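Chain and residue survey
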Amino acid sequence: MHPAKTTIVLYDGDCGFCNQSVQFILKNRKHNHFQFTPLQSDIAEQLLSGFHITINMETLYVIKNGKTYEKSSAILALINDLKNRYQFLKLGYLVPTFMRDGVYKLISKNRHKLKTGFCVIPTDGEKRLFKA
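This structure is a prediction, so every number in the text was calculated from the model and none was measured. (Residues numbered from 1 in each chain as written. Predicted model: local features only at pLDDT ≥ 70, side-chain atom pairs only at ≥ 80, totals over all residues. Heavy atoms only, no water.)

Attention now goes to the side chain of Asp 81. With respect to the helices and strands, the residue Asp 81 is situated in the loop between helix H3 (72-78) and helix H4 (97-109). Overall, Asp 81 belongs to the buried group, its relative accessible area being 7%. In terms of polar contacts, Asp 81 uses its side chain to reach the side chain of Thr 7, at 3.1 Å. Each residue touching Asp 81, except ones within four places of it in the same chain, is listed here: Thr 7, Asn 28, Arg 29, Lys 30, His 31, Phe 34 and Lys 64. (Helix = DSSP H or I, 4+ residues; strand = E, 2+ residues; numbered from the N terminus. Buried < 20%, exposed > 50% of the residue type's maximum accessible area, 1.4 Å probe, protein only. Polar contact = N/O pair within 3.5 Å; in protein donor to acceptor, adjacent residues only side chain to side chain. Contact = heavy atoms within 4.5 Å.)

This part takes up the layout of surface pockets. Taken as a whole, the largest pocket encloses approximately 750 Å³ of empty space. Taken together, 30 residues line the largest pocket, and the ones lying closest to its centre are Phe 17, Ser 21, Leu 60, Ile 75 and Tyr 104. If you list the elements that add at least two residues to the lining of the largest pocket, you get strand E1 (7-11), helix H1 (16-28), H3 and H4. Here the element with the most residues in the lining of the largest pocket is H1; it accounts for 6 residues. (1 Å grid on protein atoms, 1.4 Å probe; cavity = no way out; pocket = protein on both sides within 12 Å on 5 of 7 lines; lining within 4 Å. Points joined across faces, edges and corners; volume = space filled by probe spheres on them.)

One finds Val 9, Tyr 11, Ile 25, Phe 34, Phe 36, Leu 60 and Leu 78 to be the most contacted residues of the largest nonpolar core, which totals 16 residues. Secondary-structure elements contributing two or more residues to this core are E1, H1, strand E2 (34-38) and H3. Counting residues per element, this core draws most heavily on H1, at 4 residues. (Core = buried A, V, L, I, M, F, W, Y, C linked by side-chain atoms within 4.5 Å.)

Among the 5 residues of E1, 5 are classified as buried, and the element is accordingly described as predominantly covered. Burial along E1 is two-sided: the face carrying Thr 7, Val 9 and Tyr 11 and the face carrying Ile 8 and Leu 10 are both buried. When E1 meets E2, the two strands line up parallel, connected through 5 bridges. Residue Leu 10 lies in a different strand from E2, and its bridge partner there is Thr 37. For the crossover from E1 across H1 to E2, the handedness is right-handed. Looking at chain direction, E1 and strand E3 (residues 61-64) are connected through 3 bridges and run antiparallel. Of the residues in E3, the one forming a bridge with Ile 8 is Ile 63. (Pairing = 2+ DSSP bridges. Right-handed = clockwise from strand over helix to strand, strands pointing away.)

So, on to the environment of Asn 32. Relative to the helices and strands, Asn 32 is located in the loop between H1 and E2. For Asn 32, a relative accessible area of 35% corresponds to the partly exposed category. Distance in space between the C-alpha atoms of Asn 32 and Lys 5 is 9.8 Å, their sequence separation being 27 residues. Of note is the side chain of Asn 32, whose polar atom sits 2.8 Å from the side chain of Arg 29.

Enumeration over the complete set of coordinates arrives at 2 salt bridges. Linking Asp 12 and Arg 111 is a salt bridge whose minimum nitrogen-to-oxygen distance equals 2.8 Å. A residue pair is termed long-range when its members are at least 10 positions apart, and Asp 12 in the loop between E1 and H1 and Arg 111 in helix H5 (residues 111-114) qualify at 99 residues. A relative accessible area of 4% means that Asp 12 is categorised as buried. Across the pair Asp 81 and Lys 64 runs a salt bridge whose closest N-O atoms are separated by 3.0 Å. (Salt bridge = Lys/Arg side-chain N within 4 Å of Asp/Glu carboxyl O.)

See the structure below:
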């Protein structure tokens, strides 16, 4: 896998809602240029420290094309990597960042209540996409 084409998704590995989101990406991705890493891992800390970012467990991070994205911008950064039926979500760019992130923060603060007890169990073909 070419590193420049890899989309790295850093998520809260202890969060059922976050794990369900990873499952959504796995089911709806256009390609295999993904790497998934829980925020609790040393790899996540190393990756984000290279961008001078201190991990916030209530934040989703995406590293793509040498740039980092967080919160709602991280979600929007994933859209081009999803199947065509989700391309309408690009309309989210029309919403000001402070409004998108306000909704994001509300969901993030309640994410453990939204979905509990869910664990990502990758298929044999997906296991190479996960780094811990």
